[in-house]
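Breakdown of the fold
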Amino acid sequence: MASTDPEYGTKPQPNPPTAGENKWKYLKVPLSSLDAGLRVLLFAACVTSVVVMVTSKQTIHQGPVSKEAKFNHSPALIYFVAALSVAGLYSIITTLASISIIMKPAFSSKFILHFAFWDVLIFGVVASATGTAGAVGYVGLKGNKHVPWQKVCNVFDKYCRHIAGSLAVSLFASVVLVLLIWLSAFTLHKKIPK
Amino acid sequence: MENQKGSNDGKIDGLESRGREVMVANQRTTGTCESLLRILALALTLAAAIVLGVNKQSKVVPIKLVEGLPPLNVSVPAKWHYLSAFVYFVVVNAVASAYAAVSLVLSLANRGGKSSSSSSRLVVIFLDVIMVSLLFSSIGAAGAIGLMGREGNKHVQWKKVCNTFGKFCGQAAVAVILSLLGSIAFVFLVMLSARSLHKKITK
C-alpha cells in the first residue's frame, strides 16, 4: 500500500484525516497567525522605541551657555538603540518566515524550533538592553548620593520623558518576545502525536 | 499477501523498537545534559551573587576642606548596596540560583519516569524563559553602572570612581561575567527543552 512509503510521513496527509488529527488541523491555523501577529507587534514596538529614543534630543539655554542632551552621549543608550534596531530587523525577517508557514505548513515544526532558538537569543539582547538603559535612566532620575552622580532629569525633562517612554515600549517588546517563545513551545507541544 | 503483511509488520515492529531504544537513549543524554547545565547555572549564578554581595572596599581619600590647611584624610567606603543596579543584580542572581536548585531537584526526581512528559517540560520552558529575562536585564543594569563607574560621563559630569576603588570594580566585573555565563546556561536549557519537544514530534 502507499502508506508504507517512507517519505510520505513528512508531508501533509492528503487523505481524509481522523477526528483527532482534524482537531489539531483547526487549531494550527490560529496559532500560526497569532505568531505572525505578535511578530508584527514586535516590529512596531521596536521601531517605536528606537524612534522615541533617537528623537530625545533636548537643548537648554542657561544664560549664555546652552547645554545639550542627546541619546548618544551615553554608551548604554547607544547599545539600547542598536539592540532594538537588530530586534526590529529580526522581526521583519521572522514575520516573513511566519507568513510562509501559514502559506505552506509542510515544514512548520522545524521552522518553529528555529524560531524558538533565535527568539531566545534576540530576547536576551532586548532584555539586557532594557536593563542597561533602565539602570542609566534610574541614575539620571534619582542620582546617587554615595557616588557623586547628580540627577539630570530635573534639568532635561523632555529628554528623560522620551527615555522613559522608549523604555516602556521596549519592556513591552520583551514581553511580546516572551509570549512568542511560549507560543513556539506550546505549538511544538500541541503537535506531539498522542 | 497475508504472509507478506505479517513479515512487514514484524519489520516495522523491529524498526519501531529500535527507534524507541534510540529515543530512550537520546532522552537519557538530554536528561544528563540538562542536569549538568542546571548545576552549572546554579553554581555560576550563586557565585555571581556572592562575589557581588561581599563586595566592599574602603579607601582613605584626602579631602581639602579649607584652602591653606593640610588635607583631611577621610575613609570612604564603597559597598555594593549603594547602587540600586547592584542590589537588583544580587537579588536576581539569588533568585535564579534558588530556581536552578529547585528545578535540578525536580528534574532529577522526574528522571527516567514517565512524568518527564511534554506538559511538565512546557512549564519548565515557561519558568526558564522568565529566568533568562531577569538575568539578562540584571546583567545589563550592573554592566551599565559598572561601565559608568569605569569611564564616567563627561556630558552629565558623572565622575569615574574605578580609579579610586579598583578592587571594588574588578570584583563587580567578575560577578557580571559569572552571571553572563550562568544566563547562557539558562538559554541553552530553553533550547534543549525546545529541541526535546521537537524530537517527540518526529520520533
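Residues numbered from 1 in each chain as written. Chains lettered and ligands numbered in written order. Predicted model: local features only at pLDDT ≥ 70, side-chain atom pairs only at ≥ 80, totals over all residues. Heavy atoms only, no water.

Quick look at the overall build of chain B
If you tally the helices and strands in chain B, you get 4 helices and 2 strands. Order of helices (α) and strands (β) in chain B, N terminus to C terminus: α-β-β-α-α-α. Here chain B holds 203 residues, and the buried ones make up 40% of them. Carbon and sulfur atoms make up 66% of the accessible area of chain B, which amounts to about 11,200 Å² in all. (Helix = DSSP H or I, 4+ residues; strand = E, 2+ residues; numbered from the N terminus. Buried < 20%, exposed > 50% of the residue type's maximum accessible area, 1.4 Å probe, protein only. Areas by Shrake-Rupley, 256 points an atom, 1.4 Å probe, with all protein chains shown as cover.)

Quick notes on the confidence of the model for chain B
Residue and element names in this part refer to chain B. Summarising the model, chain B shows a mean pLDDT of 81, and 82% of its residues fall at 70 or more. Between the elements of chain B, mean pLDDT differs from a low of 70, seen in helix 1 (residues 2-53), to a high of 91, seen in helix 2 (residues 84-109). In this model, residues 1-12 is a region of pLDDT below 50 whose contacts with residues beyond four sequence positions or in other chains number 0 contacts. On the interface metric, ipTM, the complex scores 0.79, and its pTM is 0.80. (pLDDT = per-residue confidence, 0-100. Contact = heavy atoms within 4.5 Å.)

A short note on the UniProt feature "transmembrane region" (unreviewed entry) in chain B
Residues and elements named next belong to chain B. The sites that carry the UniProt feature "transmembrane region" (unreviewed entry) are, in the present numbering, residues 36-54, 85-110, 122-148 and 168-194. End-to-end, the C-alpha atoms of residues 36-54 are 27 Å apart, and along that stretch the chain is 95% helix and 0% strand. Structurally, residues 122-148 comprises 100% helix and 0% strand, and the distance from its first C-alpha atom to its last is 39 Å. (UniProt positions renumbered as here; feature names shortened; annotations may be inferred.)

Details of the environment of B:Ala101
Position of B:Ala101 relative to the elements: it lies in helix 2. B:Ala101 gets classed as partly exposed once you look at its relative accessible area, which sits at 29%.

Some remarks on the confidence of the model for chain A
When pLDDT is averaged across chain A, the result is 83; 85% of the residues are at 70 or more. Contacts of residues 1-21 of chain A to residues separated by more than four positions or lying in other chains number 6 contacts, the stretch itself having pLDDT below 50.

Describing the interface of chain B and chain A
Counting residues at the interface gives 38 residues for chain B and 39 residues for chain A. Across the chain B/chain A interface, buried area totals approximately 3,400 Å², and carbon plus sulfur atoms make up 81% of it. Across the contact surface, chain B and chain A share 0 salt bridges. At the boundary of chain B and chain A, one finds 5 residue pairs in polar contact (both at pLDDT 80 or more). (Buried area = accessible area lost by both parts, 1.4 Å probe. Salt bridge = Lys/Arg side-chain N within 4 Å of Asp/Glu carboxyl O. Polar contact = N/O pair within 3.5 Å; in protein donor to acceptor, adjacent residues only side chain to side chain.)

Details of the pattern of salt bridges
Residues and elements named next belong to chain A. Under the counting rule described, the total for this entry stands at 6 salt bridges over all chains. As a salt-bridge pair, Lys57 and Glu68 come within 3.4 Å of each other at their nearest N and O atoms. Taken together, the positions of Lys57 in the loop between helix 1 (19-54) and strand 1 (58-62) and Glu68 in strand 2 (residues 65-69) put the pair 11 residues apart, joining distant regions of the chain. Judged by its relative accessible area of 41%, Lys57 is partly exposed.

A word on the UniProt feature "transmembrane region" (unreviewed entry) in chain A
Residues and elements named next belong to chain A. Residues given the UniProt feature "transmembrane region" (unreviewed entry) here are residues 36-55, 76-103, 115-141 and 162-185. As annotated, residues 115-141 has a helix share of 100% and a strand share of 0%, and its two end C-alpha atoms lie 37 Å apart. Secondary structure over residues 162-185 splits into 100% helix and 0% strand, and the C-alpha atoms at its two ends are 35 Å apart.

Re the state of the cysteines
Evaluated as defined, the whole model comprises 2 disulfides over all chains. Residue pairing for A:Cys153: its cysteine sulfur links by disulfide to A:Cys160, the two sulfurs lying 1.9 Å apart. In this structure the cystine formed by A:Cys153 and A:Cys160 twists about its S-S bond by roughly -80 degrees; its chirality is therefore left-handed. We classify A:Cys160 as buried; its relative accessible area is 14%. The residue that forms a disulfide with B:Cys162 is B:Cys169, at a sulfur-sulfur distance of 1.8 Å. Taking the sign of the torsion about the S-S bond as the criterion, the disulfide between B:Cys162 and B:Cys169, at about -85 degrees, is left-handed. (Disulfide = S-S within 2.5 Å.)

Here we look at the packing of helix 2 of chain B against helix 4 (residues 166-201) of chain B
Residues and elements named next belong to chain B. Relative to each other, helix 2 and helix 4 sit at 35 degrees, their axes nearing to 12 Å. Helix 4 is crossed by helix 2, and the crossing has left-handed handedness. Touching Phe86, Phe89, Asn93, Ala96, Tyr99 and Ala100 of helix 2 are Phe168, Ala172, Ala175, Val176, Ser179 and Phe186, all from helix 4. Classifying every residue of the contact of helix 2 with helix 4 by side-chain character gives 10 nonpolar, 2 polar and no charged. (Axes fitted to C-alpha atoms, helices over the stretch in contact; angles between N-to-C directions. Left-handed = near helix turned anticlockwise from the far one by under 90°. Nonpolar A, V, L, I, M, F, W, Y, C, P; charged D, E, K, R; others polar.)

Here's the deal with the nonpolar core
If you look at the biggest cluster of nonpolar residues, it comprises 100 residues, and the most contacted ones within it are A:Phe123, A:Trp149, B:Phe86, B:Phe89, B:Ile145 and B:Phe186. Counting residues per element, the ones that place at least two in this core are helix 1, helix 2 (75-103), helix 3 (108-142) and helix 4 (157-191) of chain A together with helix 1, helix 2, helix 3 (118-151) and helix 4 of chain B. The element that contributes the greatest number of residues to this core is helix 4 of chain B, accounting for 15 residues. (Core = buried A, V, L, I, M, F, W, Y, C linked by side-chain atoms within 4.5 Å.)

Here we look at the packing of aromatic side chains
Evaluated as defined, the whole model comprises 6 aromatic pairs over all chains. Relative to B:Trp158, the ring of A:Trp149 has its centre 6.0 Å away and its plane inclined at 25 degrees; by these criteria the two rings are stacked. Taken together, the residues A:Trp149 in the loop between helix 3 and helix 4 and B:Trp158 in the loop between helix 3 and helix 4 connect one chain to another. For the pair shown, A:Trp149 and B:Trp158 are each scored as buried. (Phe/Tyr/Trp six-rings, centres within 6.5 Å; stacked < 30°, edge-to-face > 60°.)

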